[in-house]
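Summary of the model geometry
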Amino acid sequence: MFFSAKSKGFFVDFSDSAVFCARTNALAGPLVVEELKECPLGDDGALADTLKQLQPKKGQGGYLHAVCGVYPAKRLVRRATIEPRRVKEAGYLNDTAATQFRIEPDKYTLAMVTATEGLDYDVSKTPGKEVVFCGLPTEDIAVLQESILAKGIYPTRLELGTVATVGALADYLNFSKSKTPTLVLELGMNSTHSFIVSTGGLDASRPIPQGLDSMIPVVQKELGLKDEESARKLFFSNTFDFTGMGPALIKKLLKELQSSIGFYEVQTGQSIGQVMCTHLPPKLGWLENSIAGQLGVGVLKLDLVSWLQARQITLSDEASATPFDGRWLGLFSLMAQYHAAVSDKK
């Protein structure tokens with residue numbers, strides 16, 4: 001089957017657990033998702049095969065032109081309160097970023113969006129005080145682009161997948177009329193990005209210095225293994241049930257989460273009602289249940305099909321037959337447009 005690449009849309013989400021790909025019949029809604037594919041993380045051969053399946057006839061320059069979502073290790077997605085009367089002062093916003101986030105703003109490419117609507121922050125208008133700083137080190141952008149090009153993909157749009165996912169989840173909570181804020185966790189190897197999302201947008205954000213790697217020494221100790229490498233292999237395999245060990249493995253992470261949640265609840269008077277871990281591979285899915293259980297809340301179960309339909313995104317029969325879960329939200333968030341959500345809020 002051959003088709004004009006210009007009439008199709010391609011989306012690729014490079015998450016921390018896998019690479020998720022889609023071909024659609026258009027770049028903007030209303031659109032139909034024709035095919036969905038998942039590739040193992042780090043398997044460039046499998047990704048190359050997937051790209052050939054998605055686009056049998058090579059695109060311009062031999063690249064698949066796609067909208068890409070990325071999650072660089074040093075990504076910055078942080079909510080902050082600023083002083084609107086000072087935003088036009090030279091250096092104020094950079095000083096704020098440097099002070100609150102401990103970064104060197106001159107080395108970052110940064111943007112600001114409103115914390116409630118996710119719109120570009122316009123200093124020429126009457127600005128609000130609740131914003132989200134988004135960005136990453138400038139030198140990392142070039143590295144990311146080269147890495148994606150090396151995989152045979154030309155990024156027509158490069159998005160921070162975290163920003164897109166948080167926006168999609170806020171929209172989903174409005175769509176589903178959820179009344180309770182959701183704790184969203186992106187568990188990486190060395191750190192965890194923690195967010196509290198509600199129908200009002202991004203309510204809180206915090207990076208936590210504990211990730212999956214911090215659980216390896218606990219596995220070694222609990223199971224009496226000879227070294228951390230053995231513990232690591234066992235932890236990331238699918239051959240041992242770690243469910244009963246969950247509370248011990250997440251003890252440090254849980255302490256940080258409880259601190260963040262406690263501060264949020266005191267500040268807002270609202271309680272966290274559910275948890276969602278967006279990047280966990282299926283074999284580590286038990287971690288999400290363990291975290292939710294220790295916090296005394298439930299796990300958010302998404303009805304993605306209904307939400308997509310409400311955003312004028314339809315799944316073909318072939319795409320519908322693909323088993324997908326909450327990990328795919330990042331991919332779908334690259335496609336969704338939220339102007340249709342206004343009626344929901346009203």
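For every chain, the first residue of the written sequence is number 1, and numbering continues from 1 onward in sequence order. Where local features are concerned, this predicted model is filtered to residues with pLDDT of at least 70; where side-chain atom pairs are given and counted, the filter is 80 or more; whole-chain, interface and lining totals use all residues. Water and hydrogen atoms play no part in the side-chain values, which are based on all heavy atoms of the structure.

Focus on the environment of A111
We count a stretch as a helix when DSSP gives it H or I for four or more residues in a row; a strand needs E for two or more, and each element gets its number in order from the N terminus. Locating A111 in the fold gives a position in strand β6 (residues 108-114). Only protein chains enter the accessibility calculation, which uses a 1.4 Å probe. A residue is then buried if its area is under 20% of the maximum for its type, exposed if over 50%, and partly exposed in between. A relative accessible area of 42% places A111 in the partly exposed class. C-alpha separation for the pair A111 and F133, spaced 22 residues apart in sequence, amounts to 6.0 Å. Residue contacts follow a heavy-atom distance rule, with two residues in contact if any of their heavy atoms lie within 4.5 Å. With sequence-adjacent residues up to four places away left out, A111 is seen in contact with V132, F133 and C134.

Re the packing of helix α5 (residues 216-223) against helix α6 (residues 228-235)
A fitted line through C-alpha atoms represents every axis, and for helices the fit uses only the stretch in contact; the resulting angles, taken between N-to-C directions, go from 0 to 180 degrees. Running from amino to carboxyl end, α5 crosses α6 at an angle of 100 degrees, the nearest separation of the two axes being 8 Å. When the axes of α5 and α6 are compared, the pair comes out roughly perpendicular. Each of I216, P217, V219, Q220 and L223 in α5 lies in contact with α6, whose residues at this interface are E228, A231, R232, L234 and F235. Just so you know the grouping, Ala, Val, Leu, Ile, Met, Phe, Trp, Tyr, Cys and Pro go in nonpolar, Asp, Glu, Lys and Arg go in charged, and all remaining residues, Gly too, go in polar. Taken together, the residues that form the contact of α5 with α6 break down as 7 nonpolar, 1 polar and 2 charged. For classification purposes, an angle smaller than 35 degrees is called roughly parallel, one larger than 145 roughly antiparallel, one from 65 to 115 roughly perpendicular, and anything else oblique.

Topic: the packing of aromatic side chains
Aromatic rings in a pair are described by how distant their centres are and how their planes are angled relative to each other. Between rings of Phe, Tyr and Trp, where Trp is taken as its six-membered ring, a pair exists when centres lie within 6.5 Å; planes separated by under 30 degrees are stacked, by over 60 edge-to-face, and by other angles tilted. As enumerated under the stated definition, the model contains 11 aromatic pairs in all. With centroids separated by 5.0 Å and ring planes inclined at 80 degrees, the aromatic side chains of F235 and F236 adopt a geometry described as edge-to-face. Owing to a relative accessible area of 1%, F235 belongs among the buried residues under this scheme. Aromatic rings pair up to connect F235, F236, F240, F242 and W286 into one cluster.

Comments concerning the pattern of salt bridges
One side-chain nitrogen of Lys or Arg within 4 Å of one carboxyl oxygen of Asp or Glu is enough to make a salt bridge. Taken as a whole and assessed by the stated rule, the structure comprises 18 salt bridges. Linking K151 and D44 is a salt bridge whose minimum nitrogen-to-oxygen distance equals 3.1 Å. Here D44 lies in helix α1 (residues 44-54) and K151 lies in the loop between α3 (138-150) and β8 (153-160), a separation of 107 residues in the sequence. One connected set of salt bridges, linked through shared partners, spans K8, R23, E34, E35 and K37.

Remarks on the sheet that holds strand β5 (residues 76-81)
Any two strands between which DSSP finds at least two bridges are classified as paired. Overall, antiparallel pairing links the 3 strands, which are arranged β5-β7-β6 in an open sheet. Strand pairing shows two members of the sheet lacking a second neighbour, β5 and β6, which therefore form its edges. With strand direction ignored, the average angle separating the axes of adjacent strands in the sheet is 25 degrees. The sheet contact formed by β5 and strand β7 (residues 130-137) spans 6 bridges and is antiparallel. Its bridge partner lying in β7, A80 is registered against V131.

None of this, on its own, says anything about what the molecule does.
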